[in-house]
Amino acid sequence: MGIIKVNNIKLYAFHGCLDEEAKIGSEYRVDVEVKADLKKSAKTDELSDTVDYVHLNHIVKEEMAIRSKLLEEVAQRILNRFFKELKMIQKATVSVSKINPPIGGNVEEVVIILSKKR
């Protein structure tokens, strides 16, 4: 089993329960970790034998563009697409961070982390 990580995907999106969040949006960071059998790709040097991290990034960008009230829902949608579209994945963890959340204090970020296994 091997691990592929895509870290610090920076995006601007419009998630949140407040009306202002839907209008002005905020900055987000997404980190992804997937586990898959990478032995074959380590030998063949072929993209078709591994989990393409470009595809992972594409899914994250598309799902982050769909507004949700809760980050949990966004993270779950990302995980569901990973497992639907990338059959090699055995386990995945998605971390969605809202940078400088509007929660009435000096908070750097809030983070939601979800994992899923096949």
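A quick note: this is a predicted structure, and the numbers were derived from the prediction, not measured.

Novice: So what exactly am I meant to see when it comes to the environment of Asp 37 here?
Specialist: Its place among the elements puts Asp 37 in the loop between β2 (26-36) and α2 (39-44). In the structure, Asp 37 is positioned 55 residues away from Ala 92 in sequence and 13 Å away in space, judged by C-alpha atoms. When residues no more than four places from it in sequence are discounted, the contact partners of Asp 37 are Met 1 and Met 88.

Novice: So what exactly am I meant to see when it comes to the pairing of strand β3 (residues 91-99) here?
Specialist: Burial of β3 is extensive: 7 of the 9 residues sit out of reach of the surface. Taken together, the 8 bridges between β2 and β3 define a ladder with antiparallel strand orientation. Bridge pairing in β3 places Val 30 opposite Val 96. The pairing of β3 with strand β4 (residues 109-117) spans 9 bridges and is classified as antiparallel. Residue pairing across strands places Val 96 opposite Ile 112, the latter belonging to β4.

Novice: Can you walk me through the packing of aromatic side chains in this structure?
Specialist: Aromatic ring pairs: the centre-centre distance and the angle between the two ring planes describe each pair. Under the criterion given, the structure shown has 1 aromatic pair. Between Tyr 12 and Phe 14 the ring centres are 5.8 Å apart and the planes differ by 80°, which places this aromatic pair in the edge-to-face class. Of the residues examined, Phe 14 reaches a relative accessible area of 33% and is grouped as partly exposed.

About the criteria used
- Residues numbered from 1 in each chain as written.
- Predicted model: local features only at pLDDT ≥ 70, side-chain atom pairs only at ≥ 80, totals over all residues.
- Heavy atoms only, no water.
- Helix = DSSP H or I, 4+ residues; strand = E, 2+ residues; numbered from the N terminus.
- Contact = heavy atoms within 4.5 Å.
- Buried < 20%, exposed > 50% of the residue type's maximum accessible area, 1.4 Å probe, protein only.
- Pairing = 2+ DSSP bridges.
- Phe/Tyr/Trp six-rings, centres within 6.5 Å; stacked < 30°, edge-to-face > 60°.

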